[in-house]
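Each chain is listed here by its residues.
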Amino acid sequence: MTADPLVQITGLDIGYTRHRRITPAVIGLDLTVNAAEVVAIVGESGSGKTTTANAVIGLLPANGRITAGSALVDGVQIAGAKERTLRRLRGSVVGLIPQDPMVGLNPTKRIDAQLTEVVRLRGITGAAAHAEAVQYLDQAGVPDPELRARQYPHELSGGLRQRVLIATALAGRPKLIIADEPTSALDVTVQRRILDHLGGLVREQGISLLIITHDLAVAADRADRVLVMHEGRKVEEGEPGTILTAPREPYTRRLIAAAPRLAHGGRLVPRFDVRAEERPEPVLTLTDVSKTFAVNDLQRGRRGFNALDRVSVTVRRGQTHALVGESGCGKTTTLRIALGLEAATSGSIVLDGTEITGLSWNQLRPLRRTAQLVHQDPFAALDPKFTVRQSITEPLVSFRVGDRRSRTARALELLDQVGLPATYLDRLPGELSGGQRQRVAIARALALHPRLLMLDEPVSALDVLVQDQILRLLVDLQAALGLSYLFVSHDLAVVAEISHTVSVMSGGRIVEEGPVAEVFSNPRSPHTQELIDAVPGRAAVRRPTADVHA
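Conventions adopted
Residues numbered from 1 in each chain as written. Predicted model: local features only at pLDDT ≥ 70, side-chain atom pairs only at ≥ 80, totals over all residues. Heavy atoms only, no water. Helix = DSSP H or I, 4+ residues; strand = E, 2+ residues; numbered from the N terminus. Buried < 20%, exposed > 50% of the residue type's maximum accessible area, 1.4 Å probe, protein only. Lys, Arg positive; Asp, Glu negative; His and termini not counted. Salt bridge = Lys/Arg side-chain N within 4 Å of Asp/Glu carboxyl O. Contact = heavy atoms within 4.5 Å. Axes fitted to C-alpha atoms, helices over the stretch in contact; angles between N-to-C directions. Parallel < 35°, antiparallel > 145°, perpendicular 65-115°, else oblique. Left-handed = near helix turned anticlockwise from the far one by under 90°. Nonpolar A, V, L, I, M, F, W, Y, C, P; charged D, E, K, R; others polar. Pairing = 2+ DSSP bridges.

### Some remarks on the side chain of Asp456
Turning to step 1, where the next piece is worked out: Within the element layout of this structure, Asp456 appears in strand S17 (residues 452-456).
Turning to step 2, where the next piece is worked out: Of the side chains with opposite charge, Lys331 lies nearest to the buried Asp456, which makes no salt bridge, at 7.2 Å.
Turning to step 3, where the next piece is worked out: Residues within four places of Asp456 in sequence aside, it is in contact with Thr332, Leu335, Val374, His375, Gln376 and Val488.

Right under this line is the structure:
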């Protein structure tokens, strides 16, 4: 006799109350999760996948409610359940790994205090609670768990913080773990280690796993079953191999086409094939740049930390040069030094023919018109009180370029270039989607006619469809305006889509560089090969479908 599903959702409707009206977020959803099964819910932002996960764990916001249907979790009806009932399910039956590990952890408490708080809910106290907390850190793959237990969240890397959240979820001994975008902010090698560990927990402990993600490649690699959502509805469901090779719905085909790893059969296929003789003059050159930071070590006192060690980078006119590598390898430090936001300890930086090493802020200011920065998080980069018009014209005002009429004309021209209608001119950032905000940030960076854009993970926070739109926009702008890009990313598939040349960084050094097509097809460094092997989407493409031998 087959056991009942751990999660059984039937005809579920969820809505949010706004201005006395209910806006549907999930419509007529059917979903099951069986014991020791990995199910992935995939879709773009606003598709209803996180709302579904919040309903399963009973954490819908105050204005959200289940309006129809049934949601059974371990035999308990969630729809209409009292808070007391939901609390008994949280932790012991359903554990949650939230998307942002820094937000998910209390910055004022040591790791040990946060984990033992969960353990104590099971009646374990004192030294036994501490020992069990350390045990769960070890199970989650945290190295030196006794040391990490004494540290604060800010003292850990993003990957380690995510592992602490996994340990916290495990501490309640749940039957189901919900992982809400658990690796979207992590580089590919850390992402692979986290997902490998979650998969191991499913196999070894029989825990069920519900993965919420916008990345179909991750879902297809890891899940037994994939459910695709669009505008609150389930549009397709099936085994990963079937979904990838024979998608029934146009929306699923759009998701696959927008994910370069899946569109190319799990391979990295560079857009550009740069030959050795194609060497335009450089717009930016870093030569033997080193950077040492002073850090406080509890055991050895104040000491120097080498963030960069003799790094040399060249960005050529009309081309894109990418910096790739794991978190902490020195990519962003290199970009900040190139932009003059950080002083190099040694080495030379030449921007548009001018040596900028040692220049004062006032001496650097005119060169801001040559190089502009596009941040990773477009919402944080834009003043929430500024309209789109004010954001785009801010650099023009700062450099006293033009008058009000000419600035507005320039803003309208830029909106057209980045594919936004003129009606958006007086909107606030809060009224825009993530992709629209990033388009505004790009328009602002272009306001002063720069020759070089420095882009720091510009699409890592966006879902795959919006990511694809922004990458196409950047390629089109480069072709139309002759722009050069210094592109920082941890996603090799994105780098293949946009970059001509690449530098692979590890431990503050460049371990390999050259044309993207050459480096990705014939990597010489073991570190480069490790990054390529960690790119998701390969296992799913190789996985046989259920009906191959039918």
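Further notes follow.
### Describing the packing of helix H8 (residues 188-205) against helix H22 (residues 526-533)
Turning to step 1, where the next piece is worked out: Closest axis-to-axis distance for the H8/H22 pair is 8 Å, and the angle between their directions is 55 degrees. The angle between H8 and H22 falls in the class oblique. As for how H8 packs across H22, the hand of that crossing is left-handed. On the side of H8, the interface is formed by Val188, Thr189, Arg192 and Arg193, while H22 contributes Glu530, Leu531 and Asp533.
Turning to step 2, where the next piece is worked out: Its residues placed into classes, the contact of H8 with H22 shows two nonpolar, one polar and four charged.

### Focus: the pairing of strand S18 (residues 484-489)
Turning to step 1, where the next piece is worked out: Of all six residues making up S18, six are buried, and the element is well covered by its neighbours.
Turning to step 2, where the next piece is worked out: Sheet analysis places strand S13 (residues 320-324) next to S18, joined by five bridges and oriented parallel. If you follow His321 over to S18, its bridge partner there is Leu486.
Turning to step 3, where the next piece is worked out: Pairing between S17 and S18: five bridges, direction parallel. Counterpart to Leu453 in the pairing with S18 is Tyr485.

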